[in-house]
Amino acid sequence: MAHIRVLDLGIITAGAVTSQILADLGAEVIKIEAPERPDPFRRWTQVASSASGQADLNASPPFQTANRNKQDVALDLKHPEGRRLFLEMAAKADIVVENFRNGVLDRLGIGFDDLRKVKPDIILASLTSQGSTGPEAGYSSFGSTLDALGGLMSLTGYDAATPRWSSANVNYPDQVVSFIAPGAILAALRQRDRTGEAIHVVLSQREVVSFLIGEYFIDFDPDAPHVPQGNRSEGFAPQGVYPCQGEEQWIALSIATDGQWADLCAMLDLAAADDPRFATIELRQARHGEIDALLRQATAGWQRDELAAVLIERGIAAAAVKDAPGMLDDPQLDALGFFQTVESPSFPAHRQRGFCARFGRTPTAIRRPAPRLGEHSREVMRNLLGLPDDEVDRAIAAGLLMEDLPESQ
């Protein structure tokens, strides 16, 4: 995608990671941030502070991960001159990505109609909360609200009284949206190349969440509504996560047949194999709590990875529950080259997640670390728009542009 230029107005995960994936695939991505109100990710989970004690806007791990391979321009889009400069950039771009609330771009004067006036074949990807029509189209959202509105929260939890959202630690809806949106953008790009016409891709994040659980709508029975089962599921028993030797060491396992149950009991030296109360999956599901107690006691004496290997060798679905240190030292991920070391003049050297898809002739790569706020303002104004340095200097002095270079420069 090296011939494609993207203007990235995305923030947090949904918008920023969408354009990050396009950047990973080779697109030239220019992130546009407001000098006074940059991407909120810059203020999340700080690992360093400046000498003044204020949060370092370039020291957030989430921002580093979501914005690699990008350039950064700090531009005030509320200023008429900022709007003009943005539209000049759009005239030389292929794609604009944004995940603001509906109507924000139009109020700024850079909505779809404004964009296609300056670039008749522009693609605008709007990652909205709930689409562009309907009574709730104007709402904003977070991962937690999307969990609830999309129906996912009704399926997660340990019983009917305690639904749980995925977003407390993972922000699952945002992650999924940022993987689906690039595919929609690439489809729009293909159509654009065929028709030469501008395309507005409107993606509803709420619908994406509901799309993922579509089978539950078909299976819905008002007389027998779905009740969250925690780690359990119909047709498998026992199934769950059990402790192993050491602190916070866990193994996940799932038993699909009576034969596997017999093998598990033999391996863990459980007398329950011959207990008629546990003879079938249906009976084991009815007494799942009793079996869980037996398994917790038995697995606690095993080393996690050793037990996983033994179970897998016997054909039982099992896996060690990996935490961050375990993932970073995982031999399979190491063989795949999943984690890649990134060095930056403004952030400690670190390993980042790499890529889950690989291309034979065009390997993805982390070509540059996440940018500092306004790091490329002058470079983009000069090279893309042809502005002389004195004009850039005036824009910076007026607060229209901001420039912040790494210390080494």
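These figures come from a predicted structure and were not determined experimentally.

**Some details on the sheet that holds strand β9 (residues 317-320)**
The 3 strands are arranged β7-β8-β9 in an open sheet whose pairing can be described as antiparallel. This sheet does not close on itself; its edge strands, each paired only once, are β7 (239-243) and β9. Between one strand axis and the next, the sheet turns through 20° on average, direction left out of account. In terms of strand pairing, β7 meets strand β8 (residues 250-254) through 5 bridges, oriented antiparallel. Bridge pairing in β8 links proline 243 to tryptophan 250.

**Things to note about a nonpolar patch on the surface**
Taken together, the side chains of Val170, Tyr172, Ile180, Phe211 and Leu212 make up a nonpolar region of the molecular surface, amounting to roughly 470 Å² of accessible area. Mapped onto the nonpolar patch, the elements with two or more residues apiece are α7 (172-195) and α8 (205-212). Topologically, phenylalanine 211 is positioned in helix α8.

**A closer look at the pattern of salt bridges**
Scanning the entire structure with this criterion turns up 30 salt bridges. With a closest N to O distance of 3.1 Å, arginine 5 and glutamate 28 form a salt bridge. Pair noted here: arginine 5 is in strand β1 (residues 5-8) and glutamate 28 is in strand β2 (residues 28-33), with a separation of 23 residues, a long-range link. For glutamate 28, a relative accessible area of 27% corresponds to the partly exposed category. The shortest N-O distance in the salt bridge between aspartate 114 and arginine 83 comes to 4.0 Å.

**Overview of unusual backbone geometry**
A cis amide bond links alanine 237 to the next residue, proline 238, at an omega of 0°. Within the element layout of this structure, proline 238 appears in the loop between α9 (214-218) and β7. Not every positive phi belongs to a glycine, and isoleucine 12 is a case in point at roughly 50°. Examined against the element boundaries, isoleucine 12 turns out to sit in the loop between β1 and α1 (14-24).

**As for the nonpolar core**
With 31 residues, the main nonpolar core has Ile32, Leu75, Phe86, Met89 and Met381 as its most contacted residues. Of all the elements in the fold, those that place two or more residues in this core are β2, β3 (70-75), α3 (80-90), α4 (104-108), α5 (112-118), α16 (377-383) and α17 (389-397). In terms of residues, this core owes the most to one element, α3, which gives 5 residues. What methionine 89 contacts, discounting residues up to four positions off in sequence, is Leu7, Ile30, Ile32, Val380, Met381, Leu384 and Leu385. By size, the runner-up hydrophobic cluster in this structure holds 21 residues, among which are Ile255, Ile291, Leu307 and Leu311.

**Some thoughts on the layout of surface pockets**
Its boundaries defined by the atoms lining it, the largest pocket holds a volume of some 1,200 Å³. In terms of lining residues, the largest pocket is bounded by 42 residues, among which Ile11, Arg37, Pro40, Asn99 and Phe100 are the most central. At the level of secondary structure, the elements contributing two or more residues to the lining of the largest pocket comprise β2, α4, β5 (123-128) and α6 (143-149). For the lining of the largest pocket, a count of residues per class yields 21 nonpolar, 12 polar and 9 charged.

**Brief notes about the environment of asparagine 102**
By the element assignment, asparagine 102 lies in the loop between β4 (95-98) and α4. Of the residues examined, asparagine 102 reaches a relative accessible area of 27% and is grouped as partly exposed. Along the sequence, asparagine 102 and serine 129 sit 27 residues apart, while their C-alpha atoms lie 8.3 Å from each other. The contact partners of asparagine 102, leaving out residues within four places of it in the chain, are Arg107, Thr128, Gly131, Ser132 and Ala137. Here the side chain of asparagine 102 touches glycine 131 through a polar contact of 2.6 Å, landing on its backbone oxygen. From its side chain, asparagine 102 meets the backbone oxygen of alanine 137 in a polar contact 2.7 Å long.

**Details of the packing of aromatic side chains**
Counted under the stated rule, the structure contains 3 aromatic pairs. When the centroid spacing of 4.9 Å and the interplanar angle of 70° are considered together, the rings of phenylalanine 41 and tryptophan 44 count as edge-to-face. Note on tryptophan 261 and phenylalanine 278: the rings are 6.3 Å apart at their centroids and 80° apart in plane angle, and the pair reads as edge-to-face. One end of the pair, tryptophan 261, is in helix α10 (residues 258-268); the other, phenylalanine 278, is in the loop between α10 and α11 (281-286), and 17 residues separate them in sequence. The two residues tryptophan 261 and phenylalanine 278 agree in class, both being buried.

**Overview of the state of the cysteines**
Simply put, disulfide is the name for a covalent bond between the sulfur atoms of two cysteines. Under the definition given, this model contains 0 disulfides. Unpaired in this structure, cysteine 244 has its nearest cysteine sulfur neighbour in cysteine 265, at a distance of 16 Å.

**As for the packing of α10 against helix α12 (residues 288-299)**
One can describe the packing of α10 onto α12 by two numbers: an axis separation of 10 Å at closest approach and a directional angle of 40°. Overall, the two elements α10 and α12 adopt an arrangement that is oblique. α12 is crossed by α10, and the crossing has left-handed handedness. Where α10 abuts α12, its residues Trp261, Leu264 and Leu268 lie against Ile291, Leu295, Ala298 and Thr299. Here the residues of the contact of α10 with α12 sort into 6 nonpolar, 1 polar and no charged.

**Let's talk about the sheet that holds β2**
As summarised here, the arrangement of the 7 strands in space is β6-β5-β4-β1-β2-β3-β12, forming an open sheet in which the pairing is mixed. Bordering the open sheet on either side are β6 (199-204) and β12 (401-402), each of which pairs with just one other strand. Pairing geometry for β1 and β4, over 3 bridges, is parallel. Bridge pairing in β4 links leucine 7 to valine 96. Docked against the sheet, α1 engages β1, β2, β3, β4 and β5, running at close to 160° with respect to β1. Contacting β5 and β6, α8 runs over the sheet at an angle of about 60° to β6.

The rules we used
- Residues numbered from 1 in each chain as written.
- Predicted model: local features only at pLDDT ≥ 70, side-chain atom pairs only at ≥ 80, totals over all residues.
- Heavy atoms only, no water.
- Pairing = 2+ DSSP bridges.
- Helix = DSSP H or I, 4+ residues; strand = E, 2+ residues; numbered from the N terminus.
- Axes fitted to C-alpha atoms, helices over the stretch in contact; angles between N-to-C directions.
- Patch = residues over 30% accessible without salt bridge, like charges linked within 9 Å, V, L, I, M, F, W, Y side chains within 5 Å.
- Areas by Shrake-Rupley, 256 points an atom, 1.4 Å probe, with all protein chains shown as cover.
- Salt bridge = Lys/Arg side-chain N within 4 Å of Asp/Glu carboxyl O.
- Buried < 20%, exposed > 50% of the residue type's maximum accessible area, 1.4 Å probe, protein only.
- Core = buried A, V, L, I, M, F, W, Y, C linked by side-chain atoms within 4.5 Å.
- Contact = heavy atoms within 4.5 Å.
- 1 Å grid on protein atoms, 1.4 Å probe; cavity = no way out; pocket = protein on both sides within 12 Å on 5 of 7 lines; lining within 4 Å.
- Points joined across faces, edges and corners; volume = space filled by probe spheres on them.
- Nonpolar A, V, L, I, M, F, W, Y, C, P; charged D, E, K, R; others polar.
- Polar contact = N/O pair within 3.5 Å; in protein donor to acceptor, adjacent residues only side chain to side chain.
- Phe/Tyr/Trp six-rings, centres within 6.5 Å; stacked < 30°, edge-to-face > 60°.
- Disulfide = S-S within 2.5 Å.
- Parallel < 35°, antiparallel > 145°, perpendicular 65-115°, else oblique.
- Left-handed = near helix turned anticlockwise from the far one by under 90°.

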